[in-house]
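Descriptive structure summary
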Amino acid sequence: MTEPTPSSVPDHTPTGPPARRRWIGRVLGGAVAVSAIAIASYGSITSASAGDDIHASMTIIAPAAAGGGWDGVARELQQAQKANGLVNNVQVVNMPGAGGTIALGNVSVLNGQANNLLVGGTGLLAATVQFDSAATLDDVTPLAVMVEEYDVIVVPASSPFQTLDDLVAAWKADPRALPWTGGGSFDQLVVAELALAAGIPPVEMTYISSDGGGEAIQALLNGTARAAAGGYPDNIDQIESGRLRALALVASEPLDGIDIPTAVEQGYDMGLTNWRMLAAPSGLDDEQVAGLTDLVLDSTATPEWADARARYHWTERIITGDDLTEFLAEERTRIERLYEEMGL
């Protein structure tokens, strides 16, 4: 599922020298964190600060409004933990804004409070790059990537483009004249990655940002855009109904149960995925990090989580420890390059 578009959130960044803005952001973030999270989940915060067992209470923070992809991860995780007695009291707090960086900033100041988990992923990492946010993933404790989701390249069923090569040929002929859309910043990155793979300068592409997958589909169907990148779960109903034609699945290899050729199979080297992860506040000792990582892995091993994966069309991908550190560094480099290529 596509996360909210960061650019749709008003910019209230304080003015002044960068160092001072960062300091102010930390102070304000701390105030928001203490008030917003504490009001919604007083039990978790107090038990965390008192050093209680993480299995007694937990607050899962979704950095977006209810109903989005990050919210879905948070609530499915909540259900898995409650149904299997992994945590006695689990609450979800929605904290939307600026592509998830509002929540990231708030969690970054909850130093040592292990009873809080932040949902994140590709979109959150991208937002820290796009906004040059004061808080980054270095200011929290990444625990695990759990699942990933794939984009599809789609066109209206009435489109003359029957294959990805057809679409790319027309795009290369006049990049600015073929408008793309997508449901958020992640989808824009996918289009930029396809442009690079096709030899098209991303800075020359025309991308019309939509507020979510549903709006992107409407932009396609009403002719505002001629092609789109969007999450497979957001588009599958329209593909199966025949209203949209899927030209490529953006995955490194074919997936069981999805009869759509991958972009890689068609000669386009791209593989940016919409992965989802969990992080905890900073300032935790090795024992706390190990305990939280085990809790995440136990949660993803439950029947409830397996059912959620099937319903959301998530693909399991578990990355922890040193592998996770390396993975996040590589993804940040990849995303930074894409933004540079787009001139953003």
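This brings us to the overall build of the protein chain. Helix and strand counts for the protein chain come out as 12 helices and 11 strands. Within the protein chain, residue pairs in contact and separated by at least 24 positions form 79% of the contacts whose partners lie at least 6 positions apart. When the accessible surface of the protein chain is summed, it comes to about 14,300 Å², and 49% of that surface belongs to carbon and sulfur atoms.

A few words on the pairing of strand S9 (residues 244-250). With 6 of its 7 residues buried, S9 lies for the most part within the structure. Across 6 bridges, the pairing between strand S5 (residues 151-156) and S9 is antiparallel. Note that in S9 the partner of Val155 across the bridge is Arg245.

The next thing to look at is the side chain of Thr128. Note that Thr128 resides in helix H5 (residues 122-130). Ignoring anything within four residues of it in the chain, the contact list for Thr128 reads Thr101, Leu104, Ser133, Ala135, Thr136 and Arg332.

Let us now look at the environment of Glu304. Position of Glu304 relative to the elements: it lies in helix H11 (residues 303-312). Ignoring sequence-local partners within four residues, the contact set of Glu304 consists of Gln79, Ala80, Ala83 and Asn84.

The next point concerns the environment of Asp166. Within the secondary structure, Asp166 is located in helix H6 (residues 164-173). Classification of Asp166 by relative accessible area gives partly exposed; the value is 32%. Each C-alpha atom, one on Asp166 and one on Leu247, is 9.6 Å from the other, the two residues being 81 residues apart in sequence. Here Asp166 is in contact with Pro160 and Phe161, once residues within four sequence places are set aside. In this structure the side chain of Asp166 is engaged in a polar contact, spanning 3.1 Å, whose partner is the backbone nitrogen of Gln162.

Next up on the list: empty space enclosed by the protein. Using the criterion set out here, one finds 2 cavities of 30 Å³ or more in the structure. A volume near 60 Å³ is recorded for the largest cavity. In terms of lining, the largest cavity is formed by 14 residues, of which the most central are Gly213, Ala216, Ile217, Gly230 and Asn235. Contributing elements (two or more residues each) for the lining of the largest cavity: helix H8 (213-221), strand S8 (227-231) and helix H9 (232-241). Across the lining of the largest cavity, the residue classes tally to 6 nonpolar, 6 polar and 2 charged.

To continue, consider the confidence of the model for the protein chain. Per-residue pLDDT for the protein chain has a mean of 88; in total, 85% of the residues score no lower than 70. Counted against residues more than four places away or in other chains, residues 1-35, with its pLDDT under 50, gives 56 contacts.

In the contact formed by helix H3 (residues 69-83) and H11, the axes pass within 9 Å of each other and the chain directions differ by 155°. If you check the angle between H3 and H11, you find them roughly antiparallel. The element H3 and its partner H11 pack so that their crossing is right-handed. Note on element contacts: H11 touches H3 through Glu304, Trp305, Ala308, Arg311 and Tyr312, opposite Gly72, Val73, Glu76, Leu77, Gln79, Ala80 and Ala83.

For the structure shown, the criterion picks out 4 aromatic pairs. Between Trp171 and Trp180 the ring centres are 4.8 Å apart and the planes differ by 50°, which places this aromatic pair in the tilted class. Residue Trp171 is classed as buried on the basis of its relative accessible area of 0%. Trp180 sits in the buried class, given a relative accessible area of 0%. Grouping aromatic residues by their ring pairs yields a cluster made of Trp305, Tyr312 and Trp314.

Here we come to the sheet that holds S9. Spatially, 5 strands are ordered S7-S6-S8-S5-S9 in an open sheet, and the strand pairing comes out mixed. The open sheet terminates on both sides in strands that have one partner only, identified here as strand S7 (207-209) and S9. For this sheet, the mean angle separating the axes of adjacent strands, direction not counted, is 25°. As defined by bridge partners, strand S6 (residues 180-182) adjoins S7 across 3 bridges and the pair is classed as parallel.

With that settled, consider helix H10 (residues 286-300). Here H10 contains 15 residues, and its C-alpha end-to-end distance of 21 Å stays within 8% of the 21 Å for a straight helix at 1.5 Å per residue. For H10, the set of buried residues is Leu292, Thr293, Leu295, Val296, Ser299 and Thr300. Along the long axis of H10, the arc covered by the buried residues comes to 155°, so they all point the same way. For H10, the exposed residues lying more than 90 degrees away from the buried face are Asp286 and Glu287. Where H10 begins, one side-chain oxygen reaches toward the backbone nitrogen of Glu287, 3.1 Å away; that side chain belongs to Asp285.

On the surface, a cluster of negative charge is made up of Asp322, Asp323, Glu326 and Glu330. Structurally, Asp322 can be placed in helix H12 (residues 321-342).

Thresholds, definitions, all that
- Residues numbered from 1 in each chain as written.
- Predicted model: local features only at pLDDT ≥ 70, side-chain atom pairs only at ≥ 80, totals over all residues.
- Heavy atoms only, no water.
- Helix = DSSP H or I, 4+ residues; strand = E, 2+ residues; numbered from the N terminus.
- Contact = heavy atoms within 4.5 Å.
- Areas by Shrake-Rupley, 256 points an atom, 1.4 Å probe, with all protein chains shown as cover.
- Buried < 20%, exposed > 50% of the residue type's maximum accessible area, 1.4 Å probe, protein only.
- Pairing = 2+ DSSP bridges.
- Polar contact = N/O pair within 3.5 Å; in protein donor to acceptor, adjacent residues only side chain to side chain.
- 1 Å grid on protein atoms, 1.4 Å probe; cavity = no way out; pocket = protein on both sides within 12 Å on 5 of 7 lines; lining within 4 Å.
- Points joined across faces, edges and corners; volume = space filled by probe spheres on them.
- Nonpolar A, V, L, I, M, F, W, Y, C, P; charged D, E, K, R; others polar.
- pLDDT = per-residue confidence, 0-100.
- Axes fitted to C-alpha atoms, helices over the stretch in contact; angles between N-to-C directions.
- Parallel < 35°, antiparallel > 145°, perpendicular 65-115°, else oblique.
- Left-handed = near helix turned anticlockwise from the far one by under 90°.
- Phe/Tyr/Trp six-rings, centres within 6.5 Å; stacked < 30°, edge-to-face > 60°.
- Expected span 1.5 Å × (residues − 1).
- Arc of directions from axis to C-beta.
- Patch = residues over 30% accessible without salt bridge, like charges linked within 9 Å, V, L, I, M, F, W, Y side chains within 5 Å.
- Salt bridge = Lys/Arg side-chain N within 4 Å of Asp/Glu carboxyl O.
- Lys, Arg positive; Asp, Glu negative; His and termini not counted.
- Charge placed at Lys NZ, Arg CZ, Asp CG, Glu CD.

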